[in-house]
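Take a look at the letters that make up each chain.
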Amino acid sequence: MIFKRALRQELNFTTGVVFMVLVTLVLTNLMIRVLGNAASGSANPKDALVLIGLGMINYLPILLTASVFVAILMVLTRWYKDSEMVIWQSAGISLLKILRPILNFTAPIAVAIAVLSIFASPWASEKSATIKQRFQQRDDISMLAPGQFRESSGNNRVFFIESMNPETDVIKNVFVTDFGKERQLVAVAKEGFIQNLPTGEKQLILETGRRYEGTPGNTDFRITEFDKYTVKLEDKVVDPIINGPRTMPAWVLIQDLNKAHLGEILWRIGLPLMAFVFAIIAIPLSYMDPRRGRYTALIMAVLLYFTYSNLLKLMQAWVSTGKLSFSIGWWLLHVMIALIGLTLIIYRQNRSITLFGRYKKWMLSKSSPKQNGGK
């Protein structure tokens, strides 16, 4: 009871610290990326906080899996360094007995990872994709921003406005250039406004300005002053929202079990299984030899984490393309790495169990009958 309580307390504290550090790093990177997209016009600045929140929900299953792995590794490594593990083993607690409380600690976190990866993460991905796609499909007028040059959806016009009154929708100091097939048109005006026609079309009305028309590189430009000038805006073709397997709910994937959907299901159920496998393999990796240094285990853990994640993505790709059956792919990788972890635990528990020792014992047993027969 003392051992389990001490182990659980340290694992709870360390997992919380590691999780907060990883969340801070990912959140900082996510904020920089989302705010950069908002500044460049790829995302709506008003949706920045929503996109950051949805992005964090999408990353939570991976962060929890990594937190459990790193926390178990750090706690057991410190126990080896401070000789606490030697004391527990002297009291009759083997590595196999340590495995059970660690798996009990990992179980509720794995359930949370399963809920996030199967239900919450796809929902967040779908909402984020919908927000981004709707913003990219907005019409030319909604793309206008004070102090910025904006290209039209047809890539044949450039708009610029100096200021906009949000109450009256009157824009000041307007610049519009239209790239024709042979001649280029530039219109500048002191102010303008948007006119909605009964047919649903929109027009940009410019007042008190000049219109320049000509061919770049030639001097035959025609300059026209106007009191009112109408620019017909192109109708925006709104494409339907495209949802891939990553954004589909679990029940939609189950209703149509094609190859792409099976690959996505393999990835979603693979994350909670990864948490259990990492808990197993962290026990032998945490062994610290003073002659090797205290950071050797962490380096091995990082390499193992990325290798395991990439192999799981490879399994997902093979199932999605039909190169591997789902009935084999969903468990094969996890069982293999779990068996490697259990083998390392047994080896670490009894160092005399080696292939050379087994071979030597087999050779002695094979030669002993001959010696007895010779006598």
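Here goes a summary of the coordinates provided. (Residues numbered from 1 in each chain as written. Predicted model: local features only at pLDDT ≥ 70, side-chain atom pairs only at ≥ 80, totals over all residues. Heavy atoms only, no water.)

A complete count under the given rule lists six salt bridges for this structure. In this structure, the salt-bridge partner of Lys 172 is Glu 191, at a minimum N-O distance of 2.7 Å. Here Lys 172, found in strand β3 (residues 171-179), pairs with Glu 191, found in strand β4 (residues 184-196); they are 19 residues apart in sequence, far enough to count as distant. Residue class for Lys 172 comes out partly exposed when judged on its relative accessible area of 36%. Glu 191 sits in the partly exposed class, given a relative accessible area of 26%. (Salt bridge = Lys/Arg side-chain N within 4 Å of Asp/Glu carboxyl O. Helix = DSSP H or I, 4+ residues; strand = E, 2+ residues; numbered from the N terminus. Buried < 20%, exposed > 50% of the residue type's maximum accessible area, 1.4 Å probe, protein only.)

The strand order β1-β2-β3-β4-β5-β6 describes an open sheet built from six strands, whose pairing is antiparallel. Among the strands making up the open sheet, the edge pair consists of β1 (149-151) and β6 (222-232). With strand direction ignored, the average angle separating the axes of adjacent strands in the sheet is 25 degrees. Looking at chain direction, β4 and strand β5 (residues 202-214) are connected through twelve bridges and run antiparallel. Bridge pairing in β5 links Ala 187 to Arg 211. (Pairing = 2+ DSSP bridges. Axes fitted to C-alpha atoms, helices over the stretch in contact; angles between N-to-C directions.)

We now examine the packing of helix α6 (residues 259-285) against helix α8 (residues 326-349). Their axes nearest at 9 Å, the elements α6 and α8 cross at an angle of 5 degrees. For the element pair α6 / α8, the angle class is roughly parallel. Along the contact surface, α6 presents Leu 262, Ile 265, Leu 266, Ile 269, Gly 270, Leu 273, Met 274, Val 277, Ile 280, Ile 281, Ile 283 and Pro 284, while α8 presents Phe 326, Gly 329, Trp 330, His 334, Ile 337, Ala 338, Gly 341, Leu 342, Leu 344 and Ile 345. Its residues assigned to classes, the contact of α6 with α8 shows 18 nonpolar, four polar and no charged. (Parallel < 35°, antiparallel > 145°, perpendicular 65-115°, else oblique. Contact = heavy atoms within 4.5 Å. Nonpolar A, V, L, I, M, F, W, Y, C, P; charged D, E, K, R; others polar.)

The largest bend along α6 measures about 35 degrees and falls at Leu 271, with the proline Pro 272 one to four residues further on. Of all 27 residues that make up α6, 22 are buried, and the element is covered over most of its length. Of the residues flanking the start of α6, the one acting as N-cap is Asn 258, its side-chain oxygen 3.3 Å from the backbone nitrogen of Ala 260. (Bend = angle between axes of the 7 residues up to and from the residue. Polar contact = N/O pair within 3.5 Å; in protein donor to acceptor, adjacent residues only side chain to side chain.)

Looking now at the side chain of Arg 268. One can find Arg 268 in helix α6. Among the polar contacts listed, one links the side chain of Arg 268 to the backbone oxygen of Pro 245, at a separation of 3.1 Å. Other than its neighbours up to four places away in sequence, Arg 268 contacts Ser 117, Ile 118, Pro 122, Pro 245, Arg 246, Met 248, Pro 249, Ala 250 and Leu 253.

Attention now goes to the environment of Arg 246. By secondary structure assignment, the location of Arg 246 is in the loop between β6 and α5 (250-255). Along the sequence, Arg 246 and Glu 264 sit 18 residues apart, while their C-alpha atoms lie 6.5 Å from each other.

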